[in-house]
Amino acid sequence: LPWDVIVARGLYGVHMLSMPCWVAASAWSLWKRRDIRAQYGSSKIAGGGLPTRAEYFSIRLLALYTVMDALRAMDLCFDSTDGVCRAVWGFVPWWFRCAVWVARDLALLGSIGSNLSFHLGWTYEALEWEQPRTLQMVMHGTLGIVLCAIAAAFWALMATNRQSWQAWACMFVVGLNAVWAYTNFVLLKRVVPAIESRIQAGKLLPAWVGAAVVEVRVAAKLVIIADLAILVLFPIIAFERVVLRGAHEKAFYPGMGLNEWAGNAVPPLMMQRPDGILLNPVLEVVELLIGWLQCIYVLRVCGACISTRVPCNPPGEAVIHHGYIDEATMGSLFRSVAFGITCKKVL
């Protein structure tokens, strides 16, 4: 077998071996969320803990991501140097692949956006700053527009059978990552230092206070690295495909002409490629990395020690929750414990 086919099949094997681990981690996390009251105490018990809003929704969105990725990977496709995607088995039509891919992107981007919005909200509340409603609206609006644009790009890819729509799908994500990069920059350079400067020196604080600050900083650093990489690489990839290769005039599915519906077509097999054309496994390496990162995140969140969980109601405080700790409650609790300022009662 050619070396590129060996590499592709090896990555496919790794993906298939990884999938049970990801599914098991998601199933365990969902089960543990249902058992959270019994494990950390009910809302009426002082010191009991609940997941934050970011954790609550991220766990569910990442479970959806895992299911969609499993459906995508059962007949995995690899990009080629000629811009045509070639499958391992060749039995899944393009309309199903595109629908699954859009749902998967919705879950993944929604999870990241939910985390970022929550971190921004509770830190501003803790500092008693005016909520950045304009920035929040820009983040939410951009996310919605980008998800719709990605779905439209995949539909156009099937409707026109033009390779250029792959590049446009990548470019739509660039705008979202620009907004996220700016938001993470604000968190790292302005918000987190302000919180650390106000924490009472020498005061023995609960473990969850330090864990909350570390989570904001680490998440912001990781996401901003990914944002900057996408801001640099995706425009280069789009330029190379659309401008240098003329992808707009090349068929995505080689068995049909341009402007023909290719949604019912099945991708060619990996071995069915012209001489000189090689499989490109880079995208699959990135997908494996994303899969394991989300798995680690799920295990870390659901396996956190009880001492690092955010208490839903410290002693003496009447805090009523609805299954998770929202931004206002989190910020108020943090301010009470870390800054020594009386906590507001959140209803």
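Per chain, residues are indexed from 1 in the order of the written sequence. In keeping with the model being predicted, local features are shown solely for residues with a pLDDT of at least 70 and side-chain atom pairs are shown and tallied solely at 80 or more, while totals for entire chains, interfaces and linings include all residues. Computation of side-chain values: all heavy atoms of the structure, hydrogens and water removed.

S.K.: Could you clarify how one ought to interpret the overall build of the chain in this entry?
M.R.: Secondary structure follows DSSP: runs of H or I at least 4 residues long count as helices, runs of E at least 2 residues long count as strands, and numbering of each begins at the N terminus. Each helix and strand in the chain was counted, giving nine helices and three strands. Listing the helices and strands of the chain from first to last along the sequence gives α-α-α-β-β-α-α-α-α-β-α-α. Residue burial is assigned from relative accessible area. The probe radius is 1.4 Å, only protein chains are included, and a residue is buried under 20% of its type maximum, exposed over 50%, and partly exposed in between. Buried positions account for 50% of the 347 residues belonging to the chain. Sequence separation of at least 24 residues holds for 80% of the intrachain contacts in the chain that already meet a minimum separation of 6. A total accessible area of about 16200 Å² is found for the chain, and carbon and sulfur atoms account for 70% of it. The contact definition used throughout considers only heavy atoms, calling two residues in contact when any of these lie within 4.5 Å. Accessibility throughout is a Shrake-Rupley quantity obtained with a 1.4 Å probe, and a residue counts as covered only by protein chains that appear here.

S.K.: Explanation requested: the pattern of salt bridges in the structure shown.
M.R.: Pairing is possible between side chains of opposite charge, provided their charged atoms come close. When a carboxyl oxygen of Asp or Glu is within 4 Å of a side-chain nitrogen of Lys or Arg, the pair counts as a salt bridge. In the structure shown here, the tally under the stated rule is 15 salt bridges. For the salt bridge of Glu125 with Arg335, the shortest nitrogen-to-oxygen distance reads 3.6 Å. Of this pair, Glu125 sits in helix H4 (residues 94–126) while Arg335 is found in helix H9 (residues 327–338), placing the two residues 210 residues apart along the sequence. A single burial state applies to Glu125 and to Arg335, both of which are buried. In this structure, Arg335 engages Glu128 in a salt bridge whose closest nitrogen and oxygen atoms are separated by 3.9 Å. Linking Arg335 in helix H9 with Glu128 in the loop between H4 and helix H5 (133–160), this pair joins segments that are 207 residues apart in sequence.

S.K.: Could you clarify how one ought to interpret the nonpolar core in this entry?
M.R.: Nonpolar side chains in soluble globular proteins tend to end up buried together. For the purposes of this section, nonpolar cores are sets of buried Ala, Val, Leu, Ile, Met, Phe, Trp, Tyr and Cys residues that join through side-chain atoms within 4.5 Å. Counting residues in each nonpolar core, the largest one holds 52 residues, and the members touching the most others are Trp122, Ile195, Trp208, Met330 and Phe334. Those elements giving two or more residues to this core turn out to be H4, H5, helix H6 (164–198), helix H7 (207–244) and H9. Residues Ala8, Trp22, Met270 and Leu279 belong to the second largest nonpolar core, which totals 15 residues.

S.K.: How do you make sense of the sheet that holds strand E2 (residues 86–87) when you look at a structure like this?
M.R.: The strands that make up a sheet pair up through hydrogen bonds in the backbone, lying either parallel or antiparallel. Note: two strands are recorded as paired if DSSP finds a minimum of 2 bridges between them. Read across the sheet, three strands follow the order E2-E1-E3 without closing on themselves; strand pairing throughout is antiparallel. Strands with a single pairing partner mark the edges of an open sheet, and in this sheet they are E2 and strand E3 (279–280). The pairing of strand E1 (residues 77–80) with E3 spans two bridges and is antiparallel. When the bridges of E3 are listed, Ser80 appears paired with Leu279.

S.K.: Would you mind showing me how to read the packing of aromatic side chains here?
M.R.: Aromatic ring pairs: the centre-centre distance and the angle between the two ring planes describe each pair. Two rings belonging to Phe, Tyr or Trp (six-membered ring only in the last case) form a pair when the distance between their centres is within 6.5 Å. Interplanar angles under 30 degrees mark stacking, angles over 60 mark edge-to-face geometry, and anything in between is tilted. Using the criterion set out here, one finds ten aromatic pairs in the structure. Aromatic side chains Trp101 and Phe154 sit 6.3 Å apart centroid to centroid with 35° between the ring planes, which places their arrangement in the tilted category. Of the two residues, Trp101 is situated in helix H4 and Phe154 in helix H5; the sequence distance between them amounts to 53 residues. Residue classification places Phe154 among the buried residues on the basis of a relative accessible area of 15%. Here Trp122 and Phe334 contribute two aromatic rings whose centre-to-centre distance is 5.0 Å and whose plane-to-plane angle is 55°, an arrangement assigned as tilted. With Trp122 in helix H4 and Phe334 in helix H9, the pair connects residues that are 212 residues apart, well separated along the chain.

S.K.: Can you help me understand unusual backbone geometry in this one?
M.R.: Glycine aside, residues mostly have negative phi angles, and peptide bonds mostly take the trans form. Of note, the phi angle at Asn161 is positive, near 60°, even though the residue is not glycine. Along the chain, the position of Asn161 falls in the loop between H5 and H6. With a phi angle near 60°, Asn259 is a residue other than glycine that sits in the positive phi range. Following the sequence through the fold, Asn259 ends up in the loop between H7 and E3.

S.K.: Looking at this structure, I do not really get the side chain of Glu287. What am I missing?
M.R.: Mapped onto the secondary structure, Glu287 falls in helix H8 (residues 282–302). Looking at Glu287, the relative accessible area reads 4%, which means it is buried. When sequence neighbours within four positions are dropped, the list of residues in contact with Glu287 reads Trp22, Tyr65, Arg72, Trp101 and Arg104.

Nothing here speaks to function; it is geometry throughout.
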